[in-house]
Amino acid sequence: MSKQDKEFVKEITPQSEDYSQWYLDVVLKAQMMDYSPVKGCMVIRPYGFTLWENMQQGLDKRIKATGHKNAYFPLFIPESLLQKEADHVEGFAPEVAWVTHGGNEKLAERLVVRPTSETIICEMYSRWIQSYRDLPVLINQWCNVVRWEKVTRPFLRTSEFLWQEGHTAHRNEEEAEEETLKMLEVYRDFVENDLAVPLFVGRKTENEKFAGALRTYSIEALMSDGKALQAGTSHNLGTHFAKVFEITYLDRDGELKFVWQTSWGVSTRLIGAIIMVHGDDRGLVLPPKVAPTQVVLVPIAPKKVREEVLVKAAILYEELRAAEIRVEMDDREEYSPGWKFNEWEMKGVPLRIEVGPRDLEAGQAMLARRDTGGKETVSLEELMTRVPALLAEIQANMYEKAKKFRDDNTHRTDDYAEFKQIIEEKRGFVLSRWCGDSACELAVKEETKATIRCVPFNMETSPGKCLHCSTESTKLVYFARAY
RNA sequence: CGGGGUGUAGCGCAGCUUGGUAGCGCACUUGGUUUGGGACCAAGGGGUCGCAGGUUCGAAUCCUGUCGCCCCGACCA
């Protein structure tokens, strides 16, 4: 980075100097969030929340297109319900928040503030489901959940966070498995196409699966510091919950059977993924499809021509709005153009349009894209076709760039010494053979801090030896240090 | 929850060792001049020094406790 560049972004610690600090500087300075008086709980400011709303729209549309309906279940869950599924309680007990009093009176039964809603939803499903004709039940909810975290980081891990959780009930394993994988694919499509974040998808190991699930699948992304981030999960819950909540239905053959269930969720953590996949030393870089502001219009308006420039800028602004482009006009007089450029770049706005006296004279405007820093001039006649095209180009380029980084940082080895070196020095994903034994997985974690992020689909390979124990294996898995 | 760091104006910091009128830069307000990559001049406003005790004639400064935040480890979307 040049000295001049450093001046521009003096408020942001460079990634190379301190990645964690860079992340914190960016989320605060770009006004994505702010700390609140409650430990571990953040305020999502309008800029960050608009991003979330745009993400919600893209995902909600897909969830509904696959036949699900939204509903809302209570924030509070009676202790007795949480206790029912043994693995589930064990998994969540250390991080639940309790409500013990109503006003001044102690409650007869403590309530947990939902860390996830499986239990309360199962309780309701057991009442609603009687017959195979009631199935499948396909419900999603957008809500907040609370998990009392010891170490918190904005968006990545907060004590309260926003998410969606889908909960479905089916007749049999086949249907439940199909649903689980279908929603995993919905997440992949959404995250790769709308957020421009390339993913590895696959199954979680027994160690890493959700508390109470039969099988867990996940989407895994690589952050620009080389650490992996679990960006979403989809679980086949089997009949574990059905059995303890007695969710049964009378099947066509006259037999009373347990339903097969799924649950799946993504959270505001995805915002953290966007920041860490695309961001640079100048700040955020947001994918056009979800960016709160896609285009910022900066008039360069010296006094003598001020009116002229502003009138023209206002016309362009209205045209862009009419084309349903999320555009913002920055005609503040108290800031210089250069100051505005840096400000909007820090906030990650994909495209900036400058119009000044020189442009007007030439009948053109200046376009500056955030992803590459490239500038081009475009005639005013072509502007309305060029802007949408350029936004699409930026979206595609951001994905390609992130994918190249991900691929360049995905290594293949079955040699444990080399594996350790890669994890320590290069980071990123390492695709290695694994025997399938939990003990081996845990040993690798113990020795390298790398975990199996997922077992990819259709990756069986020629026989070889497990990375750690040298047992014969054809199974390849992705390892990485993760957030 | 262990180890380390930090807390003074909205932000970044100095002052603390050696107790004695709380300061600097940016930001903010007003007026004027400016506008193609963080403009300039002038005049202003703003802080019970994280919180609670203690020592002292007197505490931002010394002592004790406590809380928040950050970093590194054990658990998690």
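Residues numbered from 1 in each chain as written. Chains lettered and ligands numbered in written order. Predicted model: local features only at pLDDT ≥ 70, side-chain atom pairs only at ≥ 80, totals over all residues. Heavy atoms only, no water.

**Examining the protein's contact with RNA strand B**
Move 1: Near RNA strand B you find 44 residues, and of these Arg157, Gln230, Arg269, Trp339 and Asp359 are the closest.
Move 2: Among the atoms of RNA strand B close to the protein, meaning within 4 Å, 43% are from sugar or phosphate groups.
Move 3: Within the contact set of RNA strand B, a sugar or linking oxygen lies 2.3 Å away from a side-chain nitrogen or oxygen of Gln230.
Move 4: Counting residues per element, the ones that place at least two in the surface near RNA strand B are helix H1 (3–8), helix H2 (19–29), helix H11 (337–346), strand S17 (351–355) and helix H12 (357–362).
Move 5: For the surface near RNA strand B, the element with the most residues is H11, which contributes 7 residues.
Move 6: Considering only residue class, the surface near RNA strand B consists of 15 nonpolar, 9 polar and 20 charged. (Near = heavy atom within 4 Å. Polar contact = N/O pair within 3.5 Å; in protein donor to acceptor, adjacent residues only side chain to side chain. Helix = DSSP H or I, 4+ residues; strand = E, 2+ residues; numbered from the N terminus. Nonpolar A, V, L, I, M, F, W, Y, C, P; charged D, E, K, R; others polar.)

**Side note on the sheet that holds strand S4 (residues 76–78)**
The pairing of strands in a sheet happens through backbone hydrogen bonds and is either parallel or antiparallel.
Move 1: Pairing is antiparallel in the open sheet, where 3 strands are placed in the order S4-S6-S5. Of all strands in the sheet, those with a lone pairing partner are S4 and strand S5 (97–102), marking the two edges. Neighbour-to-neighbour, the strand axes of this sheet turn through a mean angle of 45 degrees, independent of strand direction. (Pairing = 2+ DSSP bridges. Axes fitted to C-alpha atoms, helices over the stretch in contact; angles between N-to-C directions.)

**So, the domain arrangement of chain A**
Bring the parts together and some accessible area is lost; that lost area is often taken as the interface size.
Move 1: Along its sequence, chain A is organised into domain 1 (3–278), domain 2 (295–389) and domain 3 (410–480).
Move 2: Relative to domain 3, the C-alpha centre of domain 1 lies at a distance of 27 Å.
Move 3: At the interface, 21 residues of domain 1 touch 17 residues of domain 3.
Move 4: Summed over both partners, the interface of domain 1 with domain 3 buries about 1500 Å², with 62% contributed by carbon and sulfur atoms.
Move 5: Across the domain 1-domain 3 interface, the total number found is 2 salt bridges. (Domains from an automatic or database assignment. Contact = heavy atoms within 4.5 Å. Buried area = accessible area lost by both parts, 1.4 Å probe. Salt bridge = Lys/Arg side-chain N within 4 Å of Asp/Glu carboxyl O.)

**Considering the pattern of salt bridges**
Move 1: Throughout the structure, instances matching the rule amount to 37 salt bridges.
Move 2: A salt bridge links Arg188 to Glu185; the nearest nitrogen and oxygen atoms lie 2.8 Å apart. Placement of the pair is Arg188 and Glu185 together in helix H7 (residues 173–193), with a separation of 3 residues, close to one helical turn.
Move 3: Between Arg321 and Glu318 there is a salt bridge whose closest N-O contact spans 3.9 Å. Of this pair, Arg321 and Glu318 are both found in helix H10 (residues 306–322), 3 residues apart, which corresponds to roughly one turn of the helix.
Move 4: Assessed through its relative accessible area of 47%, Arg321 is described here as partly exposed.
Move 5: The partly exposed category is assigned to Glu318, whose relative accessible area is 45%. (Buried < 20%, exposed > 50% of the residue type's maximum accessible area, 1.4 Å probe, protein only.)

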